[in-house]
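Next come the chains, spelled out residue by residue.
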Amino acid sequence: YDANGSIKGEDYSINIRSMELGPEIAAAALAKWNFNEKIRPGRISVRQAELAFPRLGSGNFSGGIEFKGFEMESKDSEKPSMNLDTRFKIDAIGQDRVYHIKNFATSIPRTDKAANQLMLTGALDLTDIMKPVVNLKLNSDALDIAPFMDLLNEKTLVAKSGIDNTTNEISKDTDRFALKRLLVDLDIKRLFWSDLNAAEVAGRVRMEGRKIELLPLQMRLLKSPVMIEGFIIPDSGYNISYDLNISCQNLALDPVVNHFHPENDVKWGRLTAKLRAKGDALSGELFRRTFTAGGIDPELPAMLKIEGSHWAFKEDGFITSVIATVLRMPDLLESHFNSAELDLRVKEEKAELKFLMAGPLIRLKAEGDGEMSDRIIDTSVDEEVEVELAAKTYKYNILLTEKDGFVKLPNFINIKGPLSDPEYETDKAMITGIVTGTILAVPVKLPFQILRILPFID
């Protein structure tokens, strides 16, 4: 190394012409932060760096830092390790430990999809050096975040780090470094994450304590407009507080589902949604007591609509098998649903819902009230289901009115119980009227799991 400096009370001054830190030092740092199991340490080089850090008066921070030879082990034994070489170049001036970043250029390993160069500007308030306040603007033409997500997805990263994540208060331990507040304005032209991609990523993200605010965040995800606005406060287990407005238009669900569940073999279609969801948990009693849902416009319900899907019917345990049996129409089981719509309001443990599932040969509708439970899928209902059949397949009562190629049958099925595993009751007299002379060959009550296949119900 070639460096000199001075410390006078709370004033620091350091000049580094050159400094090389070997893998041993990097390995010790990685071990402290529990990265060492997956990352091979390299060398850290510092060139022409200068830091003037007085408690009062003018200061500056400039220079370059390079990480060389760092690699992360691939999860796939047939793939090479991931290069983590990174370069930073910074130029900042300050006054009374508040630094204005004129230029902070970062280059991370390029990939086949992105050059991975980004520029940061903004301000860094180091009045309390252990609790800094950071305001940044992040710009990038193309950014591939797959390497970062692979790193963050390591199960041992948070579990072993010892970070206390149980309170929203700023730590009162003055010896522990923690951001007091972070505000980032994003302007990313193209963003990649494995098989997902987004363009025109823009918005503001604010972090204070454990609270994360999106003010808002907008992008074109898979060429479809997506907006998220509101806040999240993570906690242990399912106790996460949130108040979010979410909207998207014609979002392709297949790449999203396949990204998280590669084993998926269902065609999910495209999602259009406008909703606001608020609560203090994702499940349990606290969820039941605090969860509310509605539209972004408070006068409207939450709306979710799926088109272009292909959900094949199940022969057992699904309403279409019962309809096909009682109406003697086995051809129904060869068909599928290709769309679904859900309107939903939830307030004070009461739910108002309206749904429609439709396919080439059948449509199912239900509307009514429900009682919230510890999981949204366990919402309890007691409602009639309207059944419409394609006129070209309906072979009985020719007096039924045809509309849009479908005929509406008299109501003969009633849903009762939790949506996750409800029963349905059939009206024998009504079915007899629909199919003259037919003897029912199904029990009065059977599982009715119509909503289980909806991708937005969990």
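Residues numbered from 1 in each chain as written. Predicted model: local features only at pLDDT ≥ 70, side-chain atom pairs only at ≥ 80, totals over all residues. Heavy atoms only, no water.

K.L.:
What exactly am I supposed to notice about the nonpolar core here?
P.N.:
One recurring pattern in soluble globular proteins is that nonpolar side chains are buried together. Grouped together as the largest cluster of nonpolar side chains are 88 residues, with contacts concentrated most on I323, L327, V387, L389, L409 and F412. The contacts of F412, once residues within four sequence positions are left out, are I323, V326, V387, E425, T426, D427, M430, I431 and I434. If you look at the next biggest cluster of nonpolar residues, it comprises seven residues, including L30, I44, M72 and L84. (Core = buried A, V, L, I, M, F, W, Y, C linked by side-chain atoms within 4.5 Å. Buried < 20%, exposed > 50% of the residue type's maximum accessible area, 1.4 Å probe, protein only. Contact = heavy atoms within 4.5 Å.)

K.L.:
Could you clarify how one ought to interpret the sheet that holds strand 3 (residues 39-40) in this entry?
P.N.:
Two pairing modes exist for strands in a sheet, parallel and antiparallel, and in both the strands are linked by backbone hydrogen bonds. As summarised here, the arrangement of the three strands in space is 3-6-7, forming an open sheet in which the pairing is antiparallel. Each edge of the sheet is formed by a strand with only one pairing partner; in this case those strands are strand 3 and strand 7 (82-83). (Pairing = 2+ DSSP bridges. Helix = DSSP H or I, 4+ residues; strand = E, 2+ residues; numbered from the N terminus.)

K.L.:
Any chance you could explain the pairing of strand 8 (residues 86-95) here in plain terms?
P.N.:
The side chains of a regular strand alternate between the sheet's two faces. As defined by bridge partners, strand 5 (residues 58-68) adjoins strand 8 across 10 bridges and the pair is classed as antiparallel. Bridging from a neighbouring strand, S58 pairs with Q95 of strand 8. When strand 8 meets strand 9 (residues 98-107), the two strands line up antiparallel, connected through nine bridges. Each residue of the ladder has a partner; that of D91, found in strand 9, is N103.

K.L.:
Can you help me understand the side chain of E383 in this one?
P.N.:
Looking at the secondary structure, you find E383 in strand 24 (residues 380-390). Of note is the side chain of E383, whose polar atom sits 3.1 Å from the backbone nitrogen of D369. Each residue touching E383, except ones within four places of it in the same chain, is listed here: E367, G368, D369, I413, N414 and I415. (Polar contact = N/O pair within 3.5 Å; in protein donor to acceptor, adjacent residues only side chain to side chain.)

K.L.:
Explanation requested: the side chain of T379 in the structure shown.
P.N.:
Of note, T379 is situated in the loop between strand 23 (362-371) and strand 24. A polar contact is formed between the side chain of T379 and the backbone oxygen of I376, at a distance of 2.7 Å. Dropping the residues within four chain positions of it, T379 is found in contact with A351, G370, E371, M372, S373, G417, P418 and L419.

K.L.:
What is the right way to look at unusual backbone geometry in this model?
P.N.:
Both trends apply: most residues other than glycine have a negative phi, and most peptide bonds are in trans. Looking along the chain, the bond that leaves L215 and enters P216 is cis, with omega of -20°. With respect to the helices and strands, the residue P216 is situated in strand 15 (residues 211-221). One non-glycine residue, E349, lies in positive phi territory at about 70°. Position of E349 among the secondary structure elements: in the loop between strand 21 (336-347) and strand 22 (350-358).

K.L.:
Teacher, can you tell me more about helix 6 (residues 319-326) here?
P.N.:
For the α-helix, the turn length of 3.6 residues means that residues three or four positions removed from each other point alike. Taken across its eight residues, helix 6 has seven buried, putting it largely inside the fold. Within the span of helix 6, buried status applies to I319, T320, S321, V322, I323, A324 and V326.

K.L.:
Please clarify how the confidence of the model for the protein chain should be interpreted in this entry.
P.N.:
Interpretation of this model should avoid reading the predicted coordinates in detail wherever pLDDT is low. Model confidence for the protein chain is summarised by a mean pLDDT of 84, while 86% of its residues fall at 70 or above. Note that residues 155-174 has pLDDT below 50 and, in this model, 30 contacts with residues that lie over four places away or in other chains. (pLDDT = per-residue confidence, 0-100.)

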